[in-house]
Amino acid sequence: MFLSSLAFFARFVFQLAYAIKATQNKEISLNRNRRRGPRRISVVSMSAAMTDLKKSTVLITGAGGRTGHIAYKKLKERSDQFIGRGLVRTAESKQQIGGADDVFVGDIRDADSIAPAIHGVDALIILTSAVPRMKPGSDPSIGRPEIYFEDGAYPEQVDWIGQKNQIDAAKAAGVKQIVLVGSMGGTNPSHPLNSLGNGNILVWKRKAEQYLADSGIPYTIIRAGGLLDKEGGVRELLVGKDDELLQTETRTVPRADVAEVCIQALQFEEAKFKAFDLASKPEGAGARTKDFKALFSQITSRF
Ligand SMILES: NC(=O)c1ccc[n+]([C@@H]2O[C@H](COP(=O)([O-])OP(=O)(O)OC[C@H]3O[C@@H](n4cnc5c(N)ncnc54)[C@H](OP(=O)(O)O)[C@@H]3O)[C@@H](O)[C@H]2O)c1
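So, how was this worked out
Residues numbered from 1 in each chain as written. Predicted model: local features only at pLDDT ≥ 70, side-chain atom pairs only at ≥ 80, totals over all residues. UniProt positions renumbered as here; feature names shortened; annotations may be inferred. Axes fitted to C-alpha atoms, helices over the stretch in contact; angles between N-to-C directions. Helix = DSSP H or I, 4+ residues; strand = E, 2+ residues; numbered from the N terminus. Parallel < 35°, antiparallel > 145°, perpendicular 65-115°, else oblique. Left-handed = near helix turned anticlockwise from the far one by under 90°. Contact = placed C-beta atoms within 7 Å. Expected span 1.5 Å × (residues − 1). Buried ≥ 20, exposed ≤ 12 C-beta atoms within 10 Å, placed from the backbone. Near = placed C-beta within 6 Å. Nonpolar A, V, L, I, M, F, W, Y, C, P; charged D, E, K, R; others polar.

Under the annotation held in an unreviewed UniProt entry, the protein chain carries the name NAD(P)-binding domain-containing protein and is attributed to Nepenthes gracilis. The UniProt entry for the protein chain carries the following text under Sequence similarities (unreviewed entry): "Belongs to the NAD(P)-dependent epimerase/dehydratase family."

Below is the structure:
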């Protein structure tokens, strides 16, 4: 107890010193040509440092992916609340999303390579996933396309080992909350998605979800329905459990809404220690979801 209080205090002092130093440096460079004399910290810069301390530092992994990129952009747009970071697999992905200094390059299958991105983070949003590829020459318009995973990038390596590496790294770094995006369908081991490329993708995703739920870190597991590249923030969102939504007509959700739910989950206690399915009504069919506290309050399932 004493040691953890001490660690918390040391971390707080370190962050305060870092924030003050950053604003101090900024002020010094601004004033360099205007005055000489002893360095001093103004009330304004001190309060800026305190404001930075109140912000939550959040890392999005898979930030070069389709949902991950939207979530990363949303974080950056809310710079009054969050200090956003991204993790991408390659330097090319980093360039594609703007190449900012807060985008780290690392491979989630290699625990050491992701540690710098996770260091100093308050919350982690996991949006990495094994990516199925279509065999060259395969034509989906004339039958089922042939799908494969690249060597070393099967769901076992990415959705299980890779997610586990992130959870372990987050735990070691004292991360206070993890949001993990998974998929609906995981209650059925014979789900057709499991046969894609012999990857058993839902099985490995589910294993990582269980690992997170058992980690002791406050978590939110979002099991999304079929993802749509449609406008976000215009639909009524639906939450469910145990794949019950798969028996209905509402089984899809825009990527932009998934990204929004990830970020909203960081802001409400009602989202913590919860796992749920997420879908949406068709646009225009319901009242658009604005009250996320109420949405999370509907969820009763811990796994
Ligand atoms: N597609 C659907 O209909 C559907 C339905 C339900 C749930 N979901 C889930 O929703 C989430 C978001 O899906 P999405 O389609 O938006 O994702 P996506 O575009 O496929 O992005 C996945 C990201 O993970 C990254 N990644 C893969 N292996 C990595 C590694 N070893 N190290 C670091 N990063 C790695 C990929 O980077 P590279 O591109 O560089 O490899 C990519 O940016 C995923 O978990 C997905 O399984 C999808």
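Regarding the packing of helix H3 (residues 66-77) against helix H9 (residues 255-264)
At a closest axis distance of 8 Å, the pairing of H3 and H9 adopts a crossing angle of 50°. Viewed along their axes, H3 and H9 adopt a mutual orientation that is oblique. Helix-helix and strand crossings are classified by hand; for H3 and H9 the assignment is right-handed. Seen from H3, the contacting residues are Arg66, Thr67, Ile70, Ala71, Lys74 and Leu75; seen from H9, they are Arg255, Ala256, Val258, Ala259, Glu260, Cys262 and Ile263.

What about helix H6 (residues 155-172)?
Between its terminal C-alpha atoms H6 stretches 24 Å, which fits the 26 Å expected from 18 residues at 1.5 Å a residue. Listed in full, the buried residues belonging to H6 are Pro155, Val158, Asp159, Trp160, Gly162, Gln163, Asn165, Gln166, Ile167, Ala169 and Ala170. Contact partners of the buried residues in H6: strand S1 (56-61), helix H5 (111-118), strand S4 (123-126), strand S7 (177-183) and helix H8 (201-213). A positive backbone phi angle near 75° is found at Gly174, which sits one or two residues after H6.

What about the site of the ligand?
Surrounding the ligand, one finds 24 residues, the nearest of these being Gly65, Arg66, Thr67, Ser129 and Ser183. If you list the elements that add at least two residues to the shell around the ligand, you get H3, H6, S7 and strand S9 (226-228). Looking at the shell around the ligand residue by residue, the class counts come to 7 nonpolar, 12 polar and 5 charged.

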